[in-house]
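One letter stands for each residue in the lines below.
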Amino acid sequence: MKSKRYLLAALVIALAVLTLAACETQTVEVQVTRVIDVTATPRAMTFHDAAAIEAETAPHQCQPLASLPTEFSQPWRLGFINPNLAHPFFGEWSGAMKSAAEFYGVEFFESDAAGDYATEPDLLETLLLNDLSIVGAHGPNVYEGLALRALDEGIQFIGIDNGPSEYTPIVYGIPDGIAGMRGAELLVEGVRKRQAEDWAGRELFFIELTHGGIPACVTRTGSAASTFKEAFELDDDHVLMADLTTGRSAEDMVNDTMTAHPDGVFAMIPCWDGLGIGPYNAVTEAGNEADVMLVTLGGDEPPAKFLKTRPMGYYGFIEFQPYCEGWGWVEVALATLEGLPFETYQVRKAITQETVDQRYAELYESE
Amino acid sequence: MASDEVILETTEVDKSFGAVHAVRSVSWKVYRGRVNALVGDNGAGKSTLIKLISGALQPNSGGFRVHGEETRIGGPAGAFNLGIAAVYQDLALVENRDVVMNMFLGSELTRGPGAIFLDHKGMLQQAHNVLDDIHARIPNVREMVRNLSGGQRQAVAVGRALIRGGEIIIMDEPTAALGVEQTQEVLQLIDTLRGQGKTIILISHNIQQVFEIADYISVMFHGEMLGTRSRDEATEAEVVAMIMGKRSP
Amino acid sequence: MPIQQPESQLATSIRSIQRKQVVQFLLDNGLFIAFVLEVTLFAIAVPEMFLRSRTIEAILRLSGPAGIVLASYTITLISGQIDLSTAQVGGMASLMFAAVFQLLEWPLGVALALTVVLTIAVGLLSSYLIQQGIPSFVSTLAVGVVSGGIGFLIINLAKQPGMIRLVRPPLRDIANFEVAGVPFVIPLMFVAYAIGWVVLNQTKFGAHIYALGGNPAAAALNGINAVRIARIVLVTNAVITGMAGILIAGRQLAAQPGVEGLGQSLTAALFAGVALSGGSGKIERTLIGLLFLSTLTIGLGILNVSAPMRQLINGLAFVFAILLDSIRQQMATR
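Residues numbered from 1 in each chain as written. Chains lettered and ligands numbered in written order. Predicted model: local features only at pLDDT ≥ 70, side-chain atom pairs only at ≥ 80, totals over all residues. Heavy atoms only, no water.

## Side note on the overall build of chain C
Alright, step 1. Across its full length, chain C carries 14 helices and four strands.
Alright, step 2. Projecting the C-alpha coordinates of chain C onto the three principal axes gives extents of approximately 90 × 60 × 35 Å.
Alright, step 3. Across the 334 residues of chain C, 51% fall into the buried class.
Alright, step 4. Looking at chain C alone, contacts between residues at least 24 apart form 80% of all its contacts between residues at least 6 apart.
Alright, step 5. In the structure as shown, chain C presents an accessible area of about 14500 Å², 70% of it carried by carbon and sulfur atoms.
Alright, step 6. For chain C, the centre of its 19 positive side-chain charges and the centre of its 12 negative side-chain charges are spaced 5 Å apart. (Helix = DSSP H or I, 4+ residues; strand = E, 2+ residues; numbered from the N terminus. Buried < 20%, exposed > 50% of the residue type's maximum accessible area, 1.4 Å probe, protein only. Contact = heavy atoms within 4.5 Å. Areas by Shrake-Rupley, 256 points an atom, 1.4 Å probe, with all protein chains shown as cover. Lys, Arg positive; Asp, Glu negative; His and termini not counted. Charge placed at Lys NZ, Arg CZ, Asp CG, Glu CD.)

In structure tokens:
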């Protein structure tokens, strides 16, 4: 099957070469070399060096997710619908994708949904006109339709942080289970420190701040909850959940929980930064700052800025490194097109009040 | 006067709008094939009376006899069925529609099952016929009404009344907004209609004009009907006096 | 000198008539000129991208469901009603449908029937408010808010993350059904316009719609039942909007509270010369108005115009459309 396709590709390229040769003889040699490359030795090329990519992506120092050749079998064209360029997290993706595309020498086309996911199907129609080889989007609401439409045109779809679907065999993005686990590990560290101090002997509760309708959130905070529960050997009565699908605000739910257990102390992990920082501020406002400890997931500029102010109970966050996530999408897309293996994206960076100043300076004050 | 046949008669028709007693127990006779003028000062109750006759308003009390038969006029459609058609002062024309569609407004000819589809051909033919009958000068019946002159508009509105099978045609101040030439056109139109045996109820401010065209002149004052004079018997001075509220002996 | 004066007056009045004719010509044909100009400009700016059958297909794809709504929307506008609830009604209908069909797994026909009933209720509510003397743009704005609320309520009751997945066959296959490589909504859209044209131009009902929109008082005096027509028109519009919402959801495999693209109906219709005040306009032209806007969307996308700029341009297009309407009104009354 595969060799048949190569043969076909060679035939097509040869035809193209012949056509081109009619007008321009000089390009012939180059083209012919490529034909031989593809058919005879499919993968005999040089590859990019991981260290070079780490240097290229400084200060983020991303680990490449795939070992990609310095020359591709085709001039690939990548497309991506960014959910909102004005959002710092997604803005990082955009910058990273453009840099990665340039680094690997492929064309990259982008459109901006400007925060309105409902426009993405229309944006896709336009984006597809660029004769893309592969397309991606972050569309929790519409990505399946986007994927189906792309498949219609014979194009692969690789979303970010979307979760699986029958139309998107390739899942890329934050590994939710691991992210939640890492967050819980960080929180355990913080809680243990407090238990050696003012929380000694206090009744400990865990609050999972989540959105029951978003599968990624269920996995993320669910994994955090079980990790935390195991570490402190909590029973089910001490592992609580505040779910946005109930229609109530996280602020209200956290406040109510604290009122119900006036002597307790509370460790919280939200599905995303804002979902934790909001209730944290509400608790502070109510004068109960000393009774909560928060670790958030995501960690772009706003939570970093907040952490720099040393809020008493905000222990730190797991940084998802949006720049590396965006960069990695390009690598995964290219690896898919070339039929090469790739690794899943990892979240490794845990930032606390001790490390946030340095990290903030690296990422946001370097220029 | 005695030889003329009464086609429509109101008996003690009364209409109030809250505290305003617009029409006070009016009994009035309208004669077949004649131009029956209704005059009176502003607020005398003329417009209310013709709205009652054309079904646009319902009386508080009193009744109507049409063709000698006691009847109720239940809304504009009921009036059409009795052969009463009003040509309102603003003519009730739709500016953005052509002459034909305006003439058939609300009584379009249809064809096909369920009377759903318009019979454009039939309406065009009938519109031509009616306009020819009243000697209207409208070169193109597909012209939008907004491009027509005052006289032409009047003809369209009258044409509509005729298409409805109007026997009694009520014309409310038909010449109020018109120039001299077009006023003559409208008076000719009224004359033509009378010639075809139609009954005209003409509301006007213009006494001279009324004496020029009307057969009967009825005067209203403060909601009451003061009386009806045959044009040949009455004098302008007498009618003017009645309009001012002087009851004739 | 005394002889010259009337002559010059005549010349002035002739010139003013000529100017009026030029303006009228532009108003009548400006849309076609603008459309041709737009296509030409994009063709010059990005010829290799723009002048392709794929681009044309993309423009039509974009127009499809919105175009179907615009057909009934045009009729609504001509009848003198402005419906500002389309985006929310479309979203609510798609959510209702998705909840019943996808989540409860009831049969397709039942889900469709329930959705139709809901949209009929929404249309009846709008027409009831209008019957109470509230202007349609206020009534439908309020009904739009209510519909949006119902949509969110459905999502909430179903415990879904801001949308409901809609992947259950056969809807998925119906919504994405293609005839000879063309999505079936495109021919469906042309059928909708054909039906709209027949209704407006060949039926008694259509004649009454024009009369009602052009002069409601005259229509009433001539025995045309304004309440009945407003009710039929608004209910039809709500139902068709709801069906289009389901089609869009079926294509996106997800139902959401607001349906993108349906809100542009007003701009497209005004471009096409449908009067905001009702009573005039031709349905075949609104199709061009829609294609104009879809071409603008695709063209700006190809030129990679930034999102804020695109929104600004869309806003300006709306402003221009209102301005056009006002000029047309002035021409008509002068």
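Right, picking up where we left off after that structure.
## Here we look at the overall build of chain B
Alright, step 1. When you go through chain B residue by residue, the secondary structure sums to eight helices and 12 strands.
Alright, step 2. Relative to a compact globule of 249 residues, whose C-alpha radius of gyration would be 18 Å, chain B shows 18 Å and is just as compact.
Alright, step 3. Looking at chain B as a whole, 53% of its 249 residues are labelled buried.
Alright, step 4. By sequence separation, contacts in chain B at least 24 residues apart represent 63% of the contacts at least 6 residues apart.
Alright, step 5. Roughly 10900 Å² of accessible area belongs to chain B as shown, and the carbon and sulfur atoms make up 48% of that amount.
Alright, step 6. A gap of 4 Å separates the mean positions of the 24 positive and 29 negative side-chain charges of chain B. (Rg over C-alpha atoms; globule rule 2.2 N^0.38 Å.)

## What to know about the sheet that holds strand β5 (residues 203-210) of chain A
Residues and elements named next belong to chain A.
Alright, step 1. Sheet architecture is open: six strands sit in the order β6-β5-β7-β8-β9-β10, paired in mixed fashion. Each edge of the sheet is formed by a strand with only one pairing partner; in this case those strands are β6 (239-243) and β10 (349-352). Recorded for the sheet is a direction-independent mean angle of 20 degrees between the axes of neighbouring strands.
Alright, step 2. Pairing geometry for strand β7 (residues 264-270) and strand β8 (residues 292-298), over three bridges, is parallel. (Pairing = 2+ DSSP bridges. Axes fitted to C-alpha atoms, helices over the stretch in contact; angles between N-to-C directions.)

## A closer look at the interface of chain C and chain B
A common measure of how large an interface is: the accessible area buried when the components associate.
Alright, step 1. In this assembly, 19 residues from chain C lie in contact with 23 residues from chain B.
Alright, step 2. Counting each side, the surface lost to burial between chain C and chain B is near 1700 Å², with a carbon and sulfur contribution of 60%.
Alright, step 3. Contact with chain B buries area across many residues of chain C, yet K204, L221 and N222 of chain C alone supply 37% of it, more than any other trio.
Alright, step 4. Along the contact surface separating chain C from chain B lie seven residue pairs in polar contact (both at pLDDT 80 or more).
Alright, step 5. Contributions of two or more residues to the side of chain C that touches chain B are made by α8 (185-202), α9 (204-214) and α10 (216-221) of chain C.
Alright, step 6. Among the residues making up the side of chain C that touches chain B, the classes are represented as nine nonpolar, nine polar and one charged. (Buried area = accessible area lost by both parts, 1.4 Å probe. Polar contact = N/O pair within 3.5 Å; in protein donor to acceptor, adjacent residues only side chain to side chain. Nonpolar A, V, L, I, M, F, W, Y, C, P; charged D, E, K, R; others polar.)

## Focus: the packing of aromatic side chains
Alright, step 1. Applying the stated criterion across every chain yields a total of 21 aromatic pairs over all chains.
Alright, step 2. Considering the side-chain rings of F97 of chain C and F101 of chain C, the 5.2 Å spacing of their centres and the 25 degrees angle between planes classify their relative orientation as stacked. One end of the pair is F97 of chain C and the other is F101 of chain C, both in helix α4 (residues 86-103) and four residues apart, which spans about a single turn. Of the two residues, F97 of chain C and F101 of chain C, neither departs from the other in class, the shared state being buried.
Alright, step 3. Taken together through their ring pairs, the aromatic side chains of F80, F89, F90, W93 and W329 of chain A make up a single cluster. (Phe/Tyr/Trp six-rings, centres within 6.5 Å; stacked < 30°, edge-to-face > 60°.)

## Observations regarding the nonpolar core
Considering soluble globular proteins, one finds that nonpolar side chains tend to be buried as a cluster.
Alright, step 1. One finds Y193 and F271 of chain C to be the most contacted residues of the largest nonpolar core, which totals 65 residues.
Alright, step 2. Ranked by residue count, the leading element in this core is helix α3 (residues 53-78) of chain C, at 12 residues.
Alright, step 3. In contact with Y193 of chain C, other than residues within four places in its own chain, are G67, L70, A71, I283, T286, L287 and L290 of chain C.
Alright, step 4. Ranked by size, the runner-up nonpolar core spans 63 residues in total, among them L68, W76, L186 and F206 of chain A. (Core = buried A, V, L, I, M, F, W, Y, C linked by side-chain atoms within 4.5 Å.)

## So, a nonpolar patch on the surface
Alright, step 1. Taken together, L84, I134, F137, V138 and L141 of chain C make up a surface patch of nonpolar side chains, about 400 Å² in accessible area.
Alright, step 2. Here L141 of chain C shows up in helix α6 (residues 136-157). (Patch = residues over 30% accessible without salt bridge, like charges linked within 9 Å, V, L, I, M, F, W, Y side chains within 5 Å. Salt bridge = Lys/Arg side-chain N within 4 Å of Asp/Glu carboxyl O.)

## Focus on a negative patch on the surface
Residues and elements named next belong to chain A.
Alright, step 1. On the surface, E203, D235, D237 and D263 cluster together to form a negatively charged patch.
Alright, step 2. In this fold, D263 is placed in the loop between α9 (250-260) and β7.
Alright, step 3. Note on D263: relative accessible area 61%, which makes it exposed.

## What to know about the pattern of salt bridges
Alright, step 1. Scanning the entire structure with this criterion turns up 32 salt bridges over all chains.
Alright, step 2. With a closest N to O distance of 3.1 Å, D291 of chain A and R202 of chain A form a salt bridge. Residue D291 of chain A is located in the loop between α10 (273-285) and β8, and its partner R202 of chain A is located in the loop between α7 (176-195) and β5; the two are separated by 89 residues in the primary sequence.
Alright, step 3. With relative accessibility at 15%, the residue D291 of chain A sits in the buried group.
Alright, step 4. Taking the relative accessible area as the measure of exposure, R202 of chain A reaches 30% and is therefore partly exposed.
Alright, step 5. Between E70 of chain B and R65 of chain B there is a salt bridge, with its nearest N and O atoms 3.2 Å apart.
Alright, step 6. Relative accessible area serves as the criterion here: at 55%, E70 of chain B is assigned to the exposed category.
Alright, step 7. Looking at R65 of chain B, the relative accessible area reads 31%, which means it is partly exposed.
Alright, step 8. Each of the salt bridges in this network shares a partner with another, and the network as a whole consists of E125, D131, R149, D152 and E153 of chain A together with R52 and R54 of chain C.

## Looking at the sheet that holds strand β2 (residues 20-31) of chain B
All names here are of chain B.
Alright, step 1. Taken in spatial order, the four strands line up as β2-β1-β4-β5 in an open sheet, and their pairing is antiparallel. Only two strands of the sheet have a single neighbouring strand rather than two, namely β2 and β5 (69-71). On average, adjacent strands in this sheet sit at an angle of 20 degrees to one another, irrespective of strand direction.
Alright, step 2. Here strand β4 (residues 61-66) pairs with β5 via three bridges, running antiparallel. Considered in β5, the bridge of F64 is made with T71.

## Quick word on the confidence of the model for chain B
Alright, step 1. Across chain B, pLDDT averages 88, with 98% of residues at or above 70.
Alright, step 2. Averaged over each element, pLDDT in chain B is lowest for helix α2 (residues 75-81) of chain B (82) and highest for helix α3 (residues 99-103) of chain B (94). (pLDDT = per-residue confidence, 0-100.)

## Thoughts on helix α8 (residues 215-232) of chain A
All names here are of chain A.
Alright, step 1. With 18 residues, α8 extends 26 Å from end C-alpha to end C-alpha; this agrees with the ideal 26 Å at 1.5 Å per step.
Alright, step 2. Looking only at α8, the buried set comprises A216, C217, R220, T221, S223, A224, A225, T227, F228 and F232.
Alright, step 3. As for α8, its buried residues are in contact with α7, β5, β6, β7 and β8.
Alright, step 4. Phi turns positive, to about 50 degrees, at E233, one or two residues after α8. (Expected span 1.5 Å × (residues − 1).)

## A closer look at the state of the cysteines
Residues and elements named next belong to chain A.
Alright, step 1. Inspection of every chain in the model, using the stated rule, returns two disulfides over all chains.
Alright, step 2. Shown here is the disulfide that connects C217 with C271, its sulfur atoms set 1.9 Å apart. Classification of the bridge connecting C217 and C271 rests on its S-S torsion, roughly -90 degrees, and on that basis the disulfide is left-handed. With a gap of 54 residues between them, C217 in helix α8 and C271 in the loop between β7 and α10 connect regions that are remote in the sequence. For the pair C217 and C271, a shared accessibility class is recorded, and that class is buried. (Disulfide = S-S within 2.5 Å.)

## Structural notes on helix α12 (residues 322-338) of chain A
All names here are of chain A.
Alright, step 1. Over its 17 residues, α12 extends 24 Å from the first C-alpha to the last, a length consistent with the 24 Å expected when each residue adds 1.5 Å.
Alright, step 2. Across the 17 residues that make up α12, a large majority, 17, are buried.
Alright, step 3. Positioned one or two residues after α12, G339 has a phi angle of 70 degrees, which is positive.

## Concerning the environment of I50 of chain B
Residues and elements named next belong to chain B.
Alright, step 1. Relative to the elements of secondary structure, I50 occurs in helix α1 (residues 46-53).
Alright, step 2. Along the sequence, I50 and R153 sit 103 residues apart, while their C-alpha atoms lie 20 Å from each other.
Alright, step 3. Apart from residues no more than four positions distant in its own chain, I50 is found in contact with L38, I170, D172, I201 and I203.

## Considerations on the interface of chain C and chain A
Alright, step 1. The interface of chain C with chain A comprises 33 residues on the first partner and 32 residues on the second.
Alright, step 2. Between chain C and chain A the total buried area reaches about 2700 Å² when both faces are included, carbon and sulfur atoms providing 48% of it.
Alright, step 3. Between the two partners, chain C and chain A, sit four salt bridges.
Alright, step 4. R54 of chain C is the partner of E153 of chain A in a salt bridge, and the nearest nitrogen-oxygen pair spans 3.6 Å.
Alright, step 5. One can count seven residue pairs in polar contact (both at pLDDT 80 or more) joining chain C with chain A.
Alright, step 6. In terms of residue count, α3 of chain C provides more of the side of chain C that touches chain A than any other element does, five residues in total.
Alright, step 7. A class-by-class count of the residues in the side of chain C that touches chain A yields 11 nonpolar, 12 polar and 10 charged.

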